[in-house]
Amino acid sequence: GVQNQKIISKLSGHKFGVQSVIFSPNQQYLVSLGVQHDGNIFVWNWKTETRILSNKLSTKINSISFSTDSSYFVTCGKNHLKYWYLDSLKVNLPSFCFFLFFSFLFLKIIINQLVTFNGTQSLEGKTANLGKFRNNNFVDVVCGKGEYRNLIFVVTFDGSLISMDNSREIQEIIDLKVIFFHIS
C-alpha cells in the first residue's frame with residue numbers, strides 16, 4: 001500500500017503548482033512544467049535533487065514530449081511549438097580547462113553569477129518554423145520512435161497533423177477532417 005512507499009526525490013521550485021512532469025528516456029533528467037500562473041519550466045537531475053536548467057514561459061503549455069535519445073524535448077501550446085535542447089549540459093573539456101586556468105582572474109564575477117543563478121543555467125528553446133501554422137493552438141506533441149525518431153508529430157486544435165524534422169521544418173501536413181459537434 002501507500003504506507004509502504006518511499007520518497008526517492010523531493011524537488012522544490014514551482015510556486016503555484018506543477019502541471020506535468022516527464023522523465024527523459026535515459027532516466028537522467030526530469031522536466032517539470034509549472035501551472036500557467038507559475039510559468040516555469042525546469043530540468044532536474046532528479047537523483048541529486050538539483051535543478052540544472054530553467055526558463056520562464058509566457059504561454060500555457062498543452063503537451064510535452066522527449067526525443068528518444070534524450071537530447072531534446074518539445075513543448076506545444078497556443079501559438080507555441082518549441083524545441084528545448086539539452087546540449088548545454090555536456091561539458092566541453094578544452095573550454096572547461098581554459099575556464100579553470102583563467103577563472104582566478106574573474107573569481108568575484110563567477111561567484112556573483114553562481115549566487116545570482118543558484119547553479120541553474122538558462123534553458124534555451126528554439127521555435128519551430130511553422131509558416132502559416134504559427135498562429136495555431138497546438139494541442140498535443142509526440143517525438144517519433146524507431147524509423148520516425150528524427151520526426152515530431154503535432155496536432156492542431158482545428159485538426160491538422162503536422163510532422164516536423166530535427167531542423168524544426170514542416171515535412172508533411174495531414175488534414176484529419178475533424179468534425180466538431182456539441183451534445184446537449
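Anything mentioned here points back to the structure above.
Everything in this summary refers to the structure shown in the same document. (Residues numbered from 1 in each chain as written. Predicted model: local features only at pLDDT ≥ 70, side-chain atom pairs only at ≥ 80, totals over all residues. Heavy atoms only, no water.)

Things to note about the overall build of the protein chain
In step 1: Per the secondary structure count, the protein chain includes two helices and 13 strands.
In step 2: Sequence separation of 24 or more characterises 45% of the internal contacts of the protein chain that already satisfy a separation of 6 or more.
In step 3: Put simply, the protein chain shows about 12,200 Å² of open surface, and 57% of that area lies on carbon and sulfur atoms. (Helix = DSSP H or I, 4+ residues; strand = E, 2+ residues; numbered from the N terminus. Contact = heavy atoms within 4.5 Å. Areas by Shrake-Rupley, 256 points an atom, 1.4 Å probe, with all protein chains shown as cover.)

Side note on the side chain of S65
In step 1: With respect to the helices and strands, the residue S65 is situated in strand 5 (residues 61-66).
In step 2: Under the relative-accessibility criterion, S65 is labelled buried at 8%.
In step 3: A distance of 2.9 Å separates a polar atom in the side chain of S65 from the backbone nitrogen of C143.
In step 4: Those residues within four positions of S65 in sequence are excluded, and the remaining contacts are I22, F73, V74, V141, V142 and C143. (Buried < 20%, exposed > 50% of the residue type's maximum accessible area, 1.4 Å probe, protein only. Polar contact = N/O pair within 3.5 Å; in protein donor to acceptor, adjacent residues only side chain to side chain.)

So, the packing of aromatic side chains
In step 1: Tallied over the entire structure, the rule returns eight aromatic pairs.
In step 2: Aromatic side chains F66 and F73 sit 5.4 Å apart centroid to centroid with 50 degrees between the ring planes, which places their arrangement in the tilted category. Comparing F66 with F73, the two get one shared label, buried.
In step 3: Aromatic side chains F73 and W84 sit 6.2 Å apart centroid to centroid with 15 degrees between the ring planes, which places their arrangement in the stacked category. Of this pair, F73 sits in strand 6 (residues 72-77) while W84 sits in strand 7 (residues 80-85), and the two are eleven residues apart along the sequence. There is no split in this pair, since F73 and W84 are both buried.
In step 4: Joined through ring pairs, the aromatic side chains of F66, F73 and W84 make up one cluster.
In step 5: Residue placement shows R51 over the ring face of F42; its charged tip is 4.3 Å from the ring centre. (Phe/Tyr/Trp six-rings, centres within 6.5 Å; stacked < 30°, edge-to-face > 60°. Lys NZ or Arg CZ within 6 Å of the ring centre and 35° of its normal.)

Some points on the sheet that holds strand 4 (residues 50-56)
In step 1: Read from one edge to the other, the open sheet built from five strands follows the order 1-2-3-4-8, with strand pairing classed as mixed. Two strands close off the open sheet at either side, each with one partner strand: strand 1 (18-23) and strand 8 (121-122).
In step 2: In this structure, strand 3 (residues 40-45) lies alongside strand 4, joined through six bridges in antiparallel fashion. Looking at the pairing, I41 lines up with N55 of strand 4. (Pairing = 2+ DSSP bridges.)

A short note on unusual backbone geometry
In step 1: Non-glycine residue N79 carries a positive phi angle of around 55 degrees.
In step 2: In this structure, N79 sits in the loop between strand 6 and strand 7.
In step 3: Phi angles above zero are rare outside glycine, and R168 is one such case at about 70 degrees.
In step 4: Topologically, R168 is positioned in the loop between strand 12 (160-165) and strand 13 (170-175).

A word on the pairing of strand 2 (residues 30-34)
In step 1: Buried residues dominate strand 2, accounting for five of its five residues.
In step 2: Burial along strand 2 is two-sided: the face carrying L30, S32 and G34 and the face carrying V31 and L33 are both buried.
In step 3: Note that strand 1 and strand 2 share five bridges and pair antiparallel. Paired with F23 across the strands is L30, a residue of strand 2.
In step 4: Here strand 1 folds back onto strand 2 in antiparallel fashion, the turn holding six residues, of which Q27 has a positive phi close to 65 degrees.

Some points on the nonpolar core
In step 1: Residues V31, I41, V43, F73, L86 and L123 are the most contacted members of the largest nonpolar core, which totals 16 residues.
In step 2: Mapped onto this core, the elements with two or more residues apiece are strand 2, strand 3, strand 4 and strand 5.
In step 3: Contacts of V43, omitting those with residues within four sequence positions, involve Y29, L30, V31, T50, R51, I52, L53, F73, L86 and L123.
In step 4: Counting residues in hydrophobic clusters, the runner-up holds 15 residues, among them V74, A128, F133 and V154. (Core = buried A, V, L, I, M, F, W, Y, C linked by side-chain atoms within 4.5 Å.)

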